[in-house]
Amino acid sequence: MSTHSELSDIYPNAPEIVIVKSHRVSCAGGQGGGASALGHPKVFMDMGQGSSVECKYCDRVFVLEDGADHSESGH
Ligand SMILES: [Zn+2]
């Protein structure tokens, strides 16, 4: 069981940190509170070789869940 508080230390500017199970994520904002509440055009992001990606619109950070498969699927 990992502690999400550590992620807040890594991403101090992130309004929200979302744990995901896939390298490919989408974000449209508007699902949380604060600055991201207004939402933005839906965008898809890929973590590539990394394990996290930051939304350029709302600064939310998506982090790959611990234990998730790091290998590329369908390739
Ligand atoms: Zn966003």
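Please read all numbers here as calculations on a predicted model, not as lab measurements.

As a further point, take the overall build of the chain. Assigned secondary structure in the chain consists of one helix and five strands. Written out in order from the N terminus, the α and β elements of the chain read α-β-β-β-β-β. Of the contacts made within the chain by residues no fewer than 6 positions apart, 41% connect residues no fewer than 24 positions apart.

Tracing the sequence through the fold places Gly-50 in the loop between strand 3 (43-46) and strand 4 (52-54). Under the C-beta neighbour-count criterion, Gly-50 is labelled exposed, with 11 such atoms within 10 Å. Gly-50 sits 13 residues away from Val-63 along the chain, and the two C-alpha atoms are 9.3 Å apart.

With that settled, the discussion passes to the confidence of the model for the chain. Residues of the chain with pLDDT of at least 70 account for 73%, and the chain-wide mean is 81. No element of the chain has a lower mean pLDDT than helix 1 (residues 5-10), at 81, and none a higher one than strand 3, at 96.

Phi is positive for Asp-59, close to 70°, though the residue is something other than glycine. Checked against the element boundaries, Asp-59 lands in the loop between strand 4 and strand 5 (61-64).

The subject of this paragraph is the sheet that holds strand 1 (residues 17-20). In spatial order, the strands read 1-5-4; together these three strands make up an open sheet with mixed pairing. Edge strands, defined here as strands with exactly one partner in the open sheet, are strand 1 and strand 4. Direction aside, neighbouring strands of the sheet carry axes that sit 20° apart on average. As judged from the four bridges shared by strand 1 and strand 5, these two strands associate in the parallel manner. Following the sheet pairing, Val-20 is matched in strand 5 by Leu-64.

Reading the values: the criteria
Residues numbered from 1 in each chain as written. Predicted model: local features only at pLDDT ≥ 70, side-chain atom pairs only at ≥ 80, totals over all residues. Helix = DSSP H or I, 4+ residues; strand = E, 2+ residues; numbered from the N terminus. Contact = placed C-beta atoms within 7 Å. Buried ≥ 20, exposed ≤ 12 C-beta atoms within 10 Å, placed from the backbone. pLDDT = per-residue confidence, 0-100. Pairing = 2+ DSSP bridges. Axes fitted to C-alpha atoms, helices over the stretch in contact; angles between N-to-C directions.

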